[in-house]
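# Observations on the model geometry
Spelled out from the first residue to the last, the chains are:
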Amino acid sequence: MRFQKIFIRISLFFVLGLFLVSCSTIVKRQNFEDMSFKHLPPMVFNVARVEIVGEFKSPLLEPNVEHNFPVTPQVAIKSWLSDRVYAAGTKDFLQVTIIDASAKITELETNRDLEGWLTTEQAERVDARLEVRFDIANDSGKTGPYAAAQAKRSRTLPEGASLNDRDKIYFDLTSAIMNDFNASMEQALRKYLVAYIK
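Report on the accompanying structure. (Residues numbered from 1 in each chain as written. Predicted model: local features only at pLDDT ≥ 70, side-chain atom pairs only at ≥ 80, totals over all residues. Heavy atoms only, no water.)

### Details of helix α2 (residues 73-84)
Over its 12 residues, α2 extends 16 Å from the first C-alpha to the last, a length consistent with the 16 Å expected when each residue adds 1.5 Å. The buried fraction of α2 is high, at nine of 12 residues. Listing the buried residues of α2 in full gives P73, Q74, A76, I77, S79, W80, L81, D83 and R84. For α2, the elements touching its buried residues are β1 (43-45), β2 (49-54), β3 (85-87), β4 (93-107), β5 (122-137) and α4 (163-192). (Helix = DSSP H or I, 4+ residues; strand = E, 2+ residues; numbered from the N terminus. Expected span 1.5 Å × (residues − 1). Buried < 20%, exposed > 50% of the residue type's maximum accessible area, 1.4 Å probe, protein only. Contact = heavy atoms within 4.5 Å.)

This is the structure:
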């Protein structure tokens, strides 16, 4: 009887030790470089300044997940503006409104039978969307010509995706949607605001 009690105590200590070790395991997250667009030619506008006058506000709750991205779409947009858009004039200014910089997650239907247990399926889809508008405004705030662009991209996440897996997919999604946005926005600016580009 005494031997059984000792055995039970040792077993409990062993299980507790394993539990504490598993709880203390720290997942090291990957480091991602800031997105840079300095390799692209700058667009110089004949305005006195460039000003962000409105920004997308994330609700910080699902289905929105953009706040979990290593580099959020909104941060990427600001980097793009800093690297590509310059003011070199003496009057008027360029108003920039970040209308949308969201990413929403949707749970996908997966196979619940035996076949589903034996395969790794795509369990979630993330849909990212960007929408930005550029307005030429005078010093009194009256707006004139404008240009706008949108971009959309999606990625799926497999079942059991780790934190690092998610970060990589999120980062790649931001990179992909920024490539689309860059092409669409530049085309719109050179079409509708060409008179203000030097």
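Next comes the rest of the account.
### Thoughts on the side chain of S102
Within the secondary structure, S102 is located in strand β4. S102 gets classed as buried once you look at its relative accessible area, which sits at 7%. Of the polar contacts made by the side chain of S102, one reaches the side chain of D100; its length is 2.9 Å. Those residues in contact with S102 that lie beyond four places of it in its chain are F56, N64, E66, D127, A128 and R129. (Polar contact = N/O pair within 3.5 Å; in protein donor to acceptor, adjacent residues only side chain to side chain.)

### Side note on the environment of F69
Looking at the element boundaries, F69 is found in the loop between β2 and α2. Separated by 104 residues in sequence, F69 and L173 have C-alpha atoms that sit 9.3 Å apart.

### Focus on the environment of T97
As for its position among the elements, T97 is in strand β4. Spatially, the C-alpha atoms of T97 and G54 are 4.6 Å apart, while their sequence positions differ by 43 residues. Sequence-distant contacts of T97, defined by excluding residues within four places in its chain, comprise V53, G54, E131, V132 and R133.

### Thoughts on the pairing of β4
Bridge count for β2 against β4 is five bridges, and the pairing is parallel. Along β4, the bridge assignment pairs E51 with Q95. Where β4 meets β5, 14 bridges bridge the pair, whose relative direction is antiparallel. In the strand pairing of β5, V96 is matched with F134. (Pairing = 2+ DSSP bridges.)

### So, the packing of aromatic side chains
Summed over all chains, the structure comprises four aromatic pairs. Ring centres 5.1 Å apart and planes at 70° place the aromatic pair W80 and F181 in the edge-to-face group. Here F181 lies in helix α4 and W80 lies in helix α2, a separation of 101 residues in the sequence. With a relative accessible area of 0%, W80 lands in the buried category. Taken together through their ring pairs, the aromatic side chains of W80, F134 and F181 make up a single cluster. (Phe/Tyr/Trp six-rings, centres within 6.5 Å; stacked < 30°, edge-to-face > 60°.)

### Examining the packing of α2 against α4
Close contact between α2 and α4 brings their axes to 11 Å; oriented N to C, the two are set at 45°. The orientation of α2 relative to α4 falls into the category oblique. For α2 against α4, the interelement crossing comes out right-handed. Counting all contacts with α2, which are made through P73, A76, I77, W80 and R84, the residues of α4 involved are T174, M178, F181, N182, M185, E186 and L189. When grouped by side-chain class, the residues that make up the contact of α2 with α4 number eight nonpolar, two polar and two charged. (Axes fitted to C-alpha atoms, helices over the stretch in contact; angles between N-to-C directions. Parallel < 35°, antiparallel > 145°, perpendicular 65-115°, else oblique. Left-handed = near helix turned anticlockwise from the far one by under 90°. Nonpolar A, V, L, I, M, F, W, Y, C, P; charged D, E, K, R; others polar.)

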